[in-house]
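Coordinate inspection notes
For reference, the chains in residue letters:
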Amino acid sequence: QAQLVESGGGLVQAGGSLRLSCAASGRTFYTMGWFRQAPGKEREFVAANSLGGGSNYYTDSVKGRFTISRDNAKNMVYLQMNSLKPDDTAVYSCAAGAVIGATRESEYTLWGQGTQVTVSS
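To keep things clear, this report deals only with the structure shown in the data block. (Residues numbered from 1 in each chain as written. Predicted model: local features only at pLDDT ≥ 70, side-chain atom pairs only at ≥ 80, totals over all residues. Heavy atoms only, no water.)

**Quick look at the nonpolar core**
Counted only if it meets this: Among buried residues, the Ala, Val, Leu, Ile, Met, Phe, Trp, Tyr and Cys ones that are joined through side-chain atoms within 4.5 Å form a nonpolar core. Each residue's exposure class comes from its accessible area (1.4 Å probe, protein chains only) as a fraction of the maximum for that residue type: buried when under 20%, exposed when over 50%, partly exposed otherwise.
The biggest cluster of nonpolar side chains holds 26 residues, and the ones touching the most others in it are M32, W34, L79, M81 and Y92. With six residues, the next largest nonpolar core counts A48, A95, A102 and Y108 among its residues.

**Concerning the state of the cysteines**
Working definition of a disulfide: a covalent bond connecting the sulfur atoms of two cysteines. The cut-off we apply is this: To count as a disulfide, a pair of cysteine sulfur atoms needs to be within 2.5 Å. Strands here mean DSSP runs of E at least two residues long; helices mean DSSP runs of H or I at least four residues long; both are numbered from the N terminus.
Taken as a whole and assessed by the stated rule, the structure comprises one disulfide. Two residues, C22 and C94, share a disulfide whose sulfurs are 2.1 Å apart. A torsion of -80° about the S-S bond marks the disulfide between C22 and C94 as left-handed. In this pair, C22 is assigned in strand 3 (residues 18–25) and C94 in strand 9 (residues 90–97), connecting sequence segments 72 residues apart.

**Some points on unusual backbone geometry**
Within the chain, N75 stands out as a residue other than glycine whose phi angle is a positive 55°. With respect to the helices, strands and loops of the structure, N75 is situated in the loop between strand 7 (66–71) and strand 8 (76–81). Notably, S83 is not glycine yet its phi reads approximately 50°, a positive angle. Turning to its location among the elements, S83 is positioned in the loop between strand 8 and strand 9. In this structure S83 comes out as partly exposed when scored by relative accessible area, which is 40%.

**Here we look at the packing of aromatic side chains**
Let me state the cut-off plainly: Only Phe, Tyr and Trp rings take part, Trp by its six-membered ring, and two of them pair if their centres are within 6.5 Å. Stacked means planes under 30 degrees apart, edge-to-face means over 60, and tilted covers everything else. Any Lys NZ or Arg CZ that is within 6 Å of a ring centre and within 35 degrees of that ring's normal is treated as a charge sitting over the ring.
According to the stated counting rule, one finds four aromatic pairs in the structure shown. On the numbers, 5.6 Å between centres and 75° between planes, the contact of F35 with F45 is edge-to-face. Taken together, the positions of F35 in strand 4 (residues 31–37) and F45 in strand 5 (residues 44–50) put the pair 10 residues apart, joining distant regions of the chain. According to the relative accessible area criterion, F35 is buried, its value standing at 1%. Among the aromatic residues, those joined into a ring-pair cluster are F35, F45, Y108 and W111. When the ring centre of Y78 is taken as origin, the NZ or CZ atom of R19, which lies over that ring, is 4.2 Å away. For R43, the ring lying beneath its charged end belongs to W111, and the centroid distance is 3.9 Å.

Next comes the structure, spelled out in structure tokens:
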């Protein structure tokens, strides 16, 4: 049975960096993405990577600071987060699906359990 397991969250000061990892097992997905949900807010798209050219997609608020990457041999996807801000504090979830460039929750069919990222000011 396919599943996604995230790791790498934690507490970091503003301006710092974290790298989230997501291990996919059971199958390879065309698109892997990251979403986040802050307290009291709806879950939002952060970044995605689609195979077949390695195209990356980002929400505007993280462009230039976050980088999504994949290791296809290990079936892993990563989210390198630099210049973190308190507004980046959220539970970050890995997601997988088959839609190229997917940015909406409904386009993803498998979700991880989430990992907490807290950025202190």
